[in-house]
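What follows is each chain in one-letter form.
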Amino acid sequence: MKKLEGAGLARVAAGAVLGLAFSAVLELYIVGTRELSPVICLLCAVLGAAAGIATLPFADDGKSLLLRSGAHFGVTSVVFLLLAAQLGAHGVELLAWLAILAVLYALIWLGRWIGWYVEVMQLRTLLGLSLGPSPLKWRETLPYLPFVLLLCDGLPLLLRAFDAPDVPVLSGLILPYLLLPVGGFFAGLSLGKRQGLCPLYPAACFVCYLPMVYLLFNYTALFHCFMVALPALAGNGMGWLYRRAVPKGETEL
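This is a predicted model, so every value here is computed, not measured. (Residues numbered from 1 in each chain as written. Predicted model: local features only at pLDDT ≥ 70, side-chain atom pairs only at ≥ 80, totals over all residues. Heavy atoms only, no water.)

1. So, the overall build of the chain
Working step 1: On a plain count of helices and strands, the chain comes out with 9 helices and 0 strands.
Working step 2: Counted from the first residue to the last, the chain has its helices and strands arranged as α-α-α-α-α-α-α-α-α.
Working step 3: The 253 residues of the chain split such that 33% are buried.
Working step 4: Excluding contacts between residues fewer than 6 apart, the proportion of contacts in the chain whose partners are at least 24 apart in sequence is 65%.
Working step 5: Counting every atom, the chain has about 15500 Å² of accessible surface; 75% of that belongs to carbon and sulfur. (Helix = DSSP H or I, 4+ residues; strand = E, 2+ residues; numbered from the N terminus. Buried < 20%, exposed > 50% of the residue type's maximum accessible area, 1.4 Å probe, protein only. Contact = heavy atoms within 4.5 Å. Areas by Shrake-Rupley, 256 points an atom, 1.4 Å probe, with all protein chains shown as cover.)

See below:
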């Protein structure tokens, strides 16, 4: 623990020094001023220190990881916006710089997380432990993909084949208002009872039905995607709540 704290302080100090060096380059060569602003130097040093903290190992559990990452991004974005304002940005420009920061932060965070996750899986495999849930529960959601394809792609094509050409009652009314919500909800309920929250399931329902919107209808039928995705999300959430409330042995009913 002391080694980790020492390493953290060293990285913060190194980041602050690099931030100060960058402030000199920023003001003297990029902005073109002749004097260094103490405020800009301080903000650059704080940003450098925040970048140094970001190089520390990830937290052990997902909740702590998300909380720490969110807090770190919040502090970083505030300091970054203050720096941008000191350099003359305002209004929409600040929002644009914040969006750029968010994208860069997400890309760097995701790259580090993937590496960390691979290391954890390798370690668990070497120790003979269970691999645990996959990222976003993709492995747990995969068995439901054939059902999603059948519900969101096969069924609409089948109903359209038997539908009236002038008034498509089957594919235009019964499918989006009855079959899609009911099928998405109860499959999501089953998945939630067995695997917990699986956010990729409602997303898969939305994406898989999207081609049908333009193949069978037009852009005005985009709401059909939500007619299957939202019930799928609700069912998955209810199944997750059931899983938490009922003993594990009874969730297989």
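So that's the structure; there's more coming.
2. Notes on the nonpolar core
Working step 1: Core analysis: the largest hydrophobic core is formed by 22 residues, its most contacted members being Val-148, Cys-152, Leu-180, Tyr-201, Cys-205, Tyr-209 and Val-228.
Working step 2: The element contributing the most residues to this core is helix α8 (residues 200-216), with 8 residues.
Working step 3: Not counting residues up to four positions away in its chain, the partners in contact with Cys-205 are Val-148, Cys-152, Val-228, Ala-229 and Ala-232.
Working step 4: Core analysis: the next-biggest nonpolar cluster, separate from the first, contains 9 residues, Leu-26, Cys-44, Phe-80 and Leu-101 among them. (Core = buried A, V, L, I, M, F, W, Y, C linked by side-chain atoms within 4.5 Å.)

3. Some words on the packing of aromatic side chains
Working step 1: The final tally for this structure, using the stated rule, is 6 aromatic pairs.
Working step 2: Each ring, one from Phe-185 and one from Phe-186, has its centre 5.1 Å from the other, and the planes form 85°; the classification is edge-to-face.
Working step 3: Pairing Phe-206 with Phe-226 gives two aromatic rings, centres 5.1 Å apart and planes at 75°, and the pair type is edge-to-face. A residue pair is termed long-range when its members are at least 10 positions apart, and Phe-206 in helix α8 and Phe-226 in helix α9 (residues 223-245) qualify at 20 residues.
Working step 4: Residue Phe-206 is classed as partly exposed on the basis of its relative accessible area, which comes to 26%.
Working step 5: Judged by its relative accessible area of 45%, Phe-226 is partly exposed.
Working step 6: One Lys or Arg, Arg-160, reaches over the ring of Phe-217 and ends 5.0 Å from the middle of that ring.
Working step 7: Its guanidinium or amino end placed over the ring of Tyr-242, Lys-193 lies 5.2 Å from that ring's centre, counting from NZ or CZ. (Phe/Tyr/Trp six-rings, centres within 6.5 Å; stacked < 30°, edge-to-face > 60°. Lys NZ or Arg CZ within 6 Å of the ring centre and 35° of its normal.)

4. Quick look at helix α7 (residues 169-195)
Working step 1: Along α7, the sharpest change in direction is near 65° and occurs at Leu-175; proline Pro-176 comes one to four residues later.
Working step 2: Immediately beyond the C-terminal end of α7, within one or two residues, lies Gly-196, with a positive phi of roughly 85°. (Bend = angle between axes of the 7 residues up to and from the residue.)

5. Observations regarding the state of the cysteines
Working step 1: Following the criterion strictly, the structure yields 0 disulfides and no others.
Working step 2: Cys-41 forms no disulfide, and the closest cysteine sulfur to it belongs to Cys-44, at a distance of 6.8 Å. (Disulfide = S-S within 2.5 Å.)

6. Some remarks on the packing of α7 against α9
Working step 1: Packing of α7 against α9 brings their axes to within 6 Å, and their N-to-C directions diverge by 25°. Accordingly, the angle class assigned to the pair α7 and α9 is roughly parallel. Of the two elements, α7 crosses α9, and the hand of that crossing is right-handed.
Working step 2: Among the residues making up the contact of α7 with α9, the classes are represented as 16 nonpolar, 9 polar and 3 charged. (Axes fitted to C-alpha atoms, helices over the stretch in contact; angles between N-to-C directions. Parallel < 35°, antiparallel > 145°, perpendicular 65-115°, else oblique. Left-handed = near helix turned anticlockwise from the far one by under 90°. Nonpolar A, V, L, I, M, F, W, Y, C, P; charged D, E, K, R; others polar.)

7. Focus: the side chain of His-224
Working step 1: Mapped onto the elements of the fold, His-224 is located in helix α9.
Working step 2: A distance of 3.0 Å separates a polar atom in the side chain of His-224 from a polar atom in the side chain of Tyr-209.
Working step 3: In contact with His-224, not counting residues within four places along its chain, are Ser-171, Pro-176, Leu-180, Tyr-209 and Phe-217. (Polar contact = N/O pair within 3.5 Å; in protein donor to acceptor, adjacent residues only side chain to side chain.)

8. A few points about the confidence of the model for the chain
Atomic detail in the predicted coordinates should be set aside for any region of low pLDDT.
Working step 1: Overall, the predicted model of the chain reaches an average pLDDT of 83, with 87% of residues at or above 70.
Working step 2: When mean pLDDT is taken per element in the chain, α8 scores highest with 95 and helix α1 (residues 2-31) scores lowest with 74. (pLDDT = per-residue confidence, 0-100.)

9. Details of unusual backbone geometry
Working step 1: One non-glycine residue, Leu-136, adopts positive backbone phi at about 60°.
Working step 2: Among the secondary structure elements, Leu-136 is positioned in the loop between α4 (92-126) and α5 (138-141).
Working step 3: Residue classification places Leu-136 among the exposed residues on the basis of a relative accessible area of 53%.
Working step 4: With a phi close to 60°, Lys-137 is a non-glycine residue in the positive phi region.
Working step 5: Among the secondary structure elements, Lys-137 is positioned in the loop between α4 and α5.

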